[in-house]
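# Structural description and commentary
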Amino acid sequence: MTSVLTNLFDGVAYGMLLFVLACGLAVTLGLMNFVNLAHGAFAMAGGYVCAVLVNHTGWPFFAALPLAFVSSAVIGVALERTLYRHLYTRSHLDQVLFSIGLVFMSVAAVDYIMGSSRIFIKLPAALEGQFDVFGVGIDRYRLMIVVICGLLTAALQLVLARTRFGSRLRAAVDDPRAASGLGINVPQVFAFTFAFGCGLAGLGGALSAEILGLDPYFPLKFMIYFLIVVTVGGSSSITGPFLASLLLGIGDVAGKYYVPKMGPFVIYTIMIVILIWRPNGLFGRTVTR
Amino acid sequence: MLTRRRDVLLAAGAAVALSLGPARAEDTVKIGLIVPMTGGQASTGKQIDNAVKLYMQQHGDTVAGKKIDVILKDDAAIPDNTKRIAQELIVNDKVNFIAGFGVTPAALAAAPLATQAKIPEVVMAAGTSIITEKSPYIARTSFTLAQSSTIIADWAVKNGIKKVATLTSDYAPGNDALNFFREHFTAGGGQIVEEVKVPLQNPDFAPFLQRMKDAKPDAMFVFVPAGQGGNFMKQYAERGLDKAGIKVIGPGDVMDDDLLNDMGDAALGTVTAHIYSAAHPSAMNKEFVAAYKKAYNNRPGFMAVGGYDGIHLIYEALKKTGGKTDGDALIEAMKGMKWESPRGPISIDPETRDIVQNVYIRKVEKVDGELYNVEFQTFEAVKDSGKTKK
């Protein structure tokens, strides 16, 4: 019984992590209708920034996390202003080709600068090991992930649904022309949203170094996972990807524990079943654009 | 546009002509060294490259009147790349040896090319038994998993370990390790309570480790390829398996010297069977470790030793043929060759062209504040028991 709960907890933590990594993609793909396969590259950038700060310059881990967010966001905004914005109006194929090219460049660049082996971020001792709650083993690091990601999700939902910026963003997405006619600075809103999504990915990258492993191939290895989260969740809101992340996280961990022979396939099986049942994802819009 | 295309063609033609030019030189021997220098297995390639360079520094770059020219190529441990690179090296560069091969699939991909081109393939890393059977031109200076897995199984039986759970990477060497361990361990009366195969490309061991923990074995038998051991031990400690009294045993890959010192105290007391430890107490090894540390500021692991012995084998074979580069003569010269390696006395089995060597049982201990695999028992001249029964 206790191991069931430990697995459930691990699954939730894994799912939350997937969500923080992928929700930026849900925003660019779902809200801005831009296929950005290079999303993982921003996550990797954040992870490496955090690793360099903590391991080489001795920053405390918790101080380096916000910086991982900021640096990825800055890189994101720079690329958005110089490269991405030219592709907003292009076809999806152009966007895919462009962003996959960016992935390969980032892989090669990181491999050249940082080397190809997996790197670890030195964690404070308080985050290592497990503790028991009524016999259920709770991993400290995973607990931290659940807390951080849970807070972020709540904040994100509030911003999108309740604030003026949220409504501007939704307006800009639904009808950019009408929105700019109403005085909304659409390019600015998009740039800001894009940067924020990249920042979240960067934070996710820093958090995932411990669990998913951080090496130069990160953007390629986990691209599929991000895309699964967005397709299964549907891309019209962030609740969909959130639930999809949890489902996939729990499914993946439980699959590896209970049917280790089938472990890696469980996540794909879940995806196929859901997409047959609801081709637009759990919370997809009924009309595809 | 047209002229530009012609320029490109001209340049390409010139490049081909250039690359063909020096290949005809009669007084050089070319070795194509194909190892993973990027990707997850990069540490293997870097160690081999380092060791080969070190050997050539120590022994000079001329043998039997020939200059040795090593051409280093990166295959990222992807067999398709290995095959393409091997073909280019053989056809364009006219190499006399191909060597390296970080993983089993890579060594197998090159085997038919070695047979066709009649040039020796020296396997310096990959460890599945069948490799040397795939071409009569293959000789190996690394190890086979059968060598260490059978020995650790026998040791476990004799030392009161009754229930074992296994965790092995799901590819050929992992399956070799598992099968040979299971065969010897159950024959000795041991019981395997849990068998888990983990994907080769899956760094998150947490759910698998949780399963191991709940199975409550006396020890867990672990094989992960060189390079993944650090991550494994970290998660092993984090899940509290060390506190639950579940010891790690296995072939020594998981306790690679390359990573051992960063694993922390959770690794202490781990018993593995393997062919090399940087703490091997011979004068030759002390010299080797000191020279390697001085040159690369890092400890050599078993992959480095495989590379060091591989280039030695090539040097000695050339000495024996008097510098002749006929593939059949070279492989004939390699058969039965005996020498002292940093790991101890080794030889090439004349029948299988595979390595015969001592296997040591070692325990992780702290020596001068650093973690080392300290050898405490030796099984001498172990042959590979994994060859197809004839």
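Note that the coordinates shown come from a computational prediction; the quantities given were computed from them, not determined experimentally.

### Some points on the overall build of chain A
Looking only at helices and strands, chain A has twelve helices and two strands in total. Secondary structure elements of chain A, listed N to C terminal, follow the sequence α-α-α-α-β-β-α-α-α-α-α-α-α-α. The C-alpha atoms of chain A give a radius of gyration of 19 Å, which matches the 19 Å a tight globule of 289 residues would have. Taking the principal axes of its C-alpha atoms as reference, chain A extends roughly 60 × 50 × 35 Å. Taking all 289 residues of chain A together, 47% fall into the buried category. Taking the contacts inside chain A whose residues are at least 6 apart along the sequence as the reference set, 76% of them involve residues at least 24 apart.

### A closer look at the overall build of chain B
A count of helices and strands for chain B gives twelve helices and 15 strands. Against the globule reference of 21 Å for 390 residues, chain B gives a C-alpha radius of gyration of 22 Å, in line with a compact fold. Expressed along its principal axes, the backbone C-alpha trace of chain B runs to roughly 70 × 55 × 45 Å. When burial is assessed residue by residue, chain B has 55% of its 390 residues classed as buried. Of the contacts made within chain B by residues no fewer than 6 positions apart, 70% connect residues no fewer than 24 positions apart.

### Comments concerning helix α11 (residues 302-320) of chain B
Residues and elements named next belong to chain B. Look at α11: 27 Å from first C-alpha to last across 19 residues, which is about the 27 Å you get at 1.5 Å a residue. For α11, a buried count of 15 out of 19 residues is recorded, marking the element as mostly surrounded by other parts of the structure. Gly322 sits one or two positions beyond α11 and adopts a positive phi of about 65°.

### Digging into the sheet that holds strand β4 (residues 97-100) of chain B
Residues and elements named next belong to chain B. The strand order across the open sheet built from six strands is β2-β3-β1-β4-β5-β6, with neighbouring strands paired in mixed fashion. With partners counted over all chains shown, the strands left at the sheet margins are β2 (62-63) and β6 (138-140), one partner each. Where strand β1 (residues 28-35) lies against β4, four bridges are found, and the strand directions are parallel. Residue pairing across strands places Ile34 opposite Gly100, the latter belonging to β4.

### A closer look at the interface of chain A and chain B
Interface size is commonly expressed as the accessible surface area that is lost when the partners come together. Every contact between the two is made by 21 residues of chain A and, on the other side, 21 residues of chain B. Elements that contribute at least two residues to the side of chain A that touches chain B include exactly α1 (2-31), β2 (136-139) and α11 (239-258) of chain A. Ranked by the residues each element gives to the side of chain A that touches chain B, the list is headed by α1(A), at four residues. Here the residues of the side of chain A that touches chain B are counted per class, giving six nonpolar, nine polar and six charged.

### Quick notes on the pairing of strand β9 (residues 219-223) of chain B
Residues and elements named next belong to chain B. Of all five residues making up β9, five are buried, and the element is well covered by its neighbours. Along β9, one buried face is formed by Ala219, Phe221 and Phe223 and the opposite face, lined by Met220 and Val222, is buried too. Bridge count for β9 against strand β10 (residues 247-251) is three bridges, and the pairing is parallel. Within the sheet, the bridge partner assigned to Phe221 lies in β10 and is Ile249. The handedness of the β9 to β10 crossover, carried by helix α8 (residues 229-238), is right-handed.

### Quick word on the pairing of strand β3 (residues 66-74) of chain B
Residues and elements named next belong to chain B. One ladder, built from eight bridges, connects β1 with β3; its direction is parallel. Note that in β3 the partner of Thr28 across the bridge is Lys67. Pairing of β2 with β3 involves two bridges; the strand directions are antiparallel. For Val63, the partnering residue across the bridge sits in β3 and is Lys66. Counted along the chain from β2 to the antiparallel partner β3, the turn is two residues long, and its residue Ala64 has a positive phi close to 45°.

### Topic: the environment of A:Ile145
Residues and elements named next belong to chain A. Of note, Ile145 is situated in helix α5 (residues 140-162). Here Ile145 falls in the buried class, since 24 other C-beta atoms lie within 10 Å of it. Along the chain, Ile145 and Gly202 lie 57 residues apart, while their C-alpha atoms are 14 Å from each other. The contacts of Ile145, once residues within four sequence positions are left out, are Ala13, Met16, Leu17 and Leu207.

### Quick notes on the confidence of the model for chain B
Residues and elements named next belong to chain B. In the predicted model, chain B carries a mean pLDDT of 87, and the fraction of residues at 70 or more is 92%. The weakest mean pLDDT in chain B belongs to helix α1 (residues 2-20) at 53; the strongest belongs to strand β5 (residues 121-123) at 95. Scored below 50 in pLDDT, residues 20-24 makes two contacts in the model with residues more than four places away or belonging to other chains. Predicted as a complex, the structure gets a pTM of 0.76 and an ipTM equal to 0.70.

### Notes on the environment of B:Val271
Residue and element names in this part refer to chain B. Among the secondary structure elements, Val271 is positioned in strand β11 (residues 271-274). Among the residues examined, Val271 registers 23 C-beta atoms within 10 Å and is labelled buried. In sequence terms Val271 and Gly250 are 21 residues apart; their C-alpha atoms lie 7.3 Å from each other. Not counting residues up to four positions away in its chain, the partners in contact with Val271 are Ile249, Ile361 and Lys363.

### Some details on unusual backbone geometry
All names here are of chain B. Despite not being glycine, Phe101 has its phi angle at roughly 75°, a positive value. Its location among the elements puts Phe101 in the loop between β4 and α4 (104-117). Residue Lys118 is not a glycine yet carries a positive backbone phi of 55°. Position of Lys118 among the secondary structure elements: in the loop between α4 and β5.

### Focus on the nonpolar core
Ranked by size, the top nonpolar core spans 120 residues in total, and within it B:Ile98, B:Ala110 and B:Met220 carry the most contacts. Element by element, the count of residues in this core is highest for α11(B), at ten residues. Grouped together as the second largest cluster of nonpolar side chains are 82 residues, A:Tyr14, A:Phe222, A:Leu247 and A:Ile267 included.

### What to know about the packing of helix α10 (residues 223-233) of chain A against α11(A)
All names here are of chain A. Close contact between α10 and α11 brings their axes to 8 Å; oriented N to C, the two are set at 120°. Considering the angle they form, α10 stands oblique to α11. The two elements α10 and α11 cross, and the hand of that crossing is right-handed. The residues of α11 that touch α10, namely those facing Ile228, Val229, Val230, Val232 and Gly233, are Gly240, Pro241, Leu243, Ala244, Ser245 and Leu248. Broken down by class, the residue content of the contact of α10 with α11 amounts to eight nonpolar, three polar and no charged.

### Considerations on α1(A)
Residues and elements named next belong to chain A. Helix length check: α1 (30 residues) gives 41 Å between terminal C-alpha atoms against 44 Å at 1.5 Å per residue, within 8%. In the structure, α1 departs most strongly from a straight axis at Ala22, where the bend amounts to approximately 40°. The buried fraction of α1 is high, at 25 of 30 residues. Directly after α1, the chain includes Asn33, whose backbone phi takes a positive value near 60°.

Rules used throughout
Residues numbered from 1 in each chain as written. Chains lettered and ligands numbered in written order. Predicted model: local features only at pLDDT ≥ 70, side-chain atom pairs only at ≥ 80, totals over all residues. Helix = DSSP H or I, 4+ residues; strand = E, 2+ residues; numbered from the N terminus. Rg over C-alpha atoms; globule rule 2.2 N^0.38 Å. Buried ≥ 20, exposed ≤ 12 C-beta atoms within 10 Å, placed from the backbone. Contact = placed C-beta atoms within 7 Å. Expected span 1.5 Å × (residues − 1). Pairing = 2+ DSSP bridges. Nonpolar A, V, L, I, M, F, W, Y, C, P; charged D, E, K, R; others polar. Right-handed = clockwise from strand over helix to strand, strands pointing away. pLDDT = per-residue confidence, 0-100. Core = buried A, V, L, I, M, F, W, Y, C linked by C-beta atoms within 7 Å. Axes fitted to C-alpha atoms, helices over the stretch in contact; angles between N-to-C directions. Parallel < 35°, antiparallel > 145°, perpendicular 65-115°, else oblique. Left-handed = near helix turned anticlockwise from the far one by under 90°. Bend = angle between axes of the 7 residues up to and from the residue.

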